[in-house]
Amino acid sequence: MAAVLKFLIRILVRSRIGLYFLDQFSSGLMNRSRQVTYSGVTMNFATPNALCDWRASTFASKEPETLEWIDNIPEGAVLWDIGSNIGLYSVYAAKKRKCRVYSFEPSVFNLELLARNIFLNDLTGQICILPFALSDRLGCSEMRMTTTQWGGALSTFGKDFGWDGKTIERVFQFETIGLSMDDAMLRLAIPQPDFIKMDVDGLEHFILKGGPRVLAEIKSILIEVNDHFVEQAEGVKNTLTEANLVFKEKKHSEIIANSTEGLQNSYNQIWIRT
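Student: What exactly am I supposed to notice about the pattern of salt bridges here?
Tutor: Between side chains of opposite charge, a pair can form as their charged atoms come close. With the rule as written, the count across this model stands at 12 salt bridges. One salt bridge connects Lys-251 with Glu-68, and the closest N-O pair in it is separated by 3.3 Å. Of this pair, Lys-251 sits in strand 12 (residues 246–251) while Glu-68 sits in helix 5 (residues 64–71); the two residues are 183 residues apart in sequence, bridging distant segments of the chain. Among the residues examined, Glu-68 registers a relative accessible area of 40% and is labelled partly exposed. The partner of Glu-142 in a salt bridge is Arg-170, with the nearest N and O atoms 3.6 Å apart. Linking Glu-142 in strand 7 (residues 139–145) with Arg-170 in the loop between strand 8 (156–157) and strand 9 (172–179), this pair joins segments that are 28 residues apart in sequence.

Student: Looking at this model, I keep getting lost on the pairing of strand 3 (residues 78–82). Mind explaining?
Tutor: Moving residue by residue along a regular strand, the side chains alternate between the two faces of the sheet. Here strand 3 lies mainly inside the structure; 5 of its 5 residues are buried. Covered by surrounding structure in strand 3 are Val-78, Trp-80 and Ile-82 together with Leu-79 and Asp-81, the residues of both alternating faces. Note: strand 3 against strand 4 (residues 100–104), 5 bridges, orientation parallel. Residue pairing for strand 4: Val-78 is matched across the bridge by Arg-100. Taking the sense of rotation as the criterion, the β-α-β connection linking strand 3, helix 6 (residues 88–96) and strand 4 turns out right-handed. Examined bridge by bridge, strand 3 and strand 10 (residues 195–198) share 4 bridges and lie parallel to one another. Paired with Ile-82 across the strands is Met-198, a residue of strand 10.

Student: Any chance you could explain the sheet that holds strand 5 (residues 127–130) here in plain terms?
Tutor: The pairing of strands in a sheet happens through backbone hydrogen bonds and is either parallel or antiparallel. With mixed pairing, 7 strands are arranged side by side in an open sheet as 5-4-3-10-11-13-12. Since the sheet does not close on itself, it has two edges, and those belong to strand 5 and strand 12, each with one partner. Within the sheet, the average angular offset between the axes of one strand and its neighbour, ignoring direction, is 20°. In this sheet, strand 5 lies alongside strand 4 in parallel orientation, the contact comprising 4 bridges. Across the sheet, residue Ser-103 finds its bridge partner in strand 5, namely Ile-129. In this fold helix 5 packs onto strand 3, strand 10, strand 11 (220–226), strand 12 and strand 13 (266–272), with an angle of close to 170° to the strand it touches most, strand 11. Sheet contacts for helix 7 (residues 108–120): strand 4 and strand 5; angle to strand 5, the most-contacted strand, approximately 170°.

Cut-offs used in this document
Residues numbered from 1 in each chain as written. Predicted model: local features only at pLDDT ≥ 70, side-chain atom pairs only at ≥ 80, totals over all residues. Heavy atoms only, no water. Salt bridge = Lys/Arg side-chain N within 4 Å of Asp/Glu carboxyl O. Helix = DSSP H or I, 4+ residues; strand = E, 2+ residues; numbered from the N terminus. Buried < 20%, exposed > 50% of the residue type's maximum accessible area, 1.4 Å probe, protein only. Pairing = 2+ DSSP bridges. Right-handed = clockwise from strand over helix to strand, strands pointing away. Axes fitted to C-alpha atoms, helices over the stretch in contact; angles between N-to-C directions. Contact = heavy atoms within 4.5 Å.

Now the structure itself:
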């Protein structure tokens, strides 16, 4: 099927009519959306491809523990969504809990969808996009990506490994700026978060190292950790313990538990300040 589509595109780009058809087709894809209602909140998400549609359709079932955690955030709190992808949880937190959300997403392919989803849900004044990679220090490095799909994940910044600690098979890369959590707060003049949601596919322990000042003041963090990636798991545990946060629980959904690709070892850990 992919080969057939590539052949058709090569034919269509040779004429004005063909280019017009392709332009109308791509515009139509980007205007597709799916409406999702959860816990009394109705949201609209752009679904230009099957992956984005899957993310929207599994909104309630892929990470129910994340939604439960968001439901317990006090109204009006400041949330940093680190690794926000196309913004499903940023949108939900802003609509359900009236959070002021700062969405960190460095993927050039996901940024358009993130912006569209914020606009579709009339949340421009509540969600601020930060198109930066977070790291343990300030500086330029390579963003290495395993896919160029809208809604794609499993990429890395400044390293060559992914969510499982193994070398990633990159299909695209570009150089961009990275900064630490403390740099983000101090240099970009954004407010101290009350809560942090972090899902960056294997770099969690490095990002935490760059945020002692931020971590010292947060009330809770939900962070994805792969139990079988020992360096990540131990690094997360040590840094959050040093920040005087206490491990509460870890959970994952049936979708993750039934994975046959190793994802069943990944959990959303919840840490709190007592």
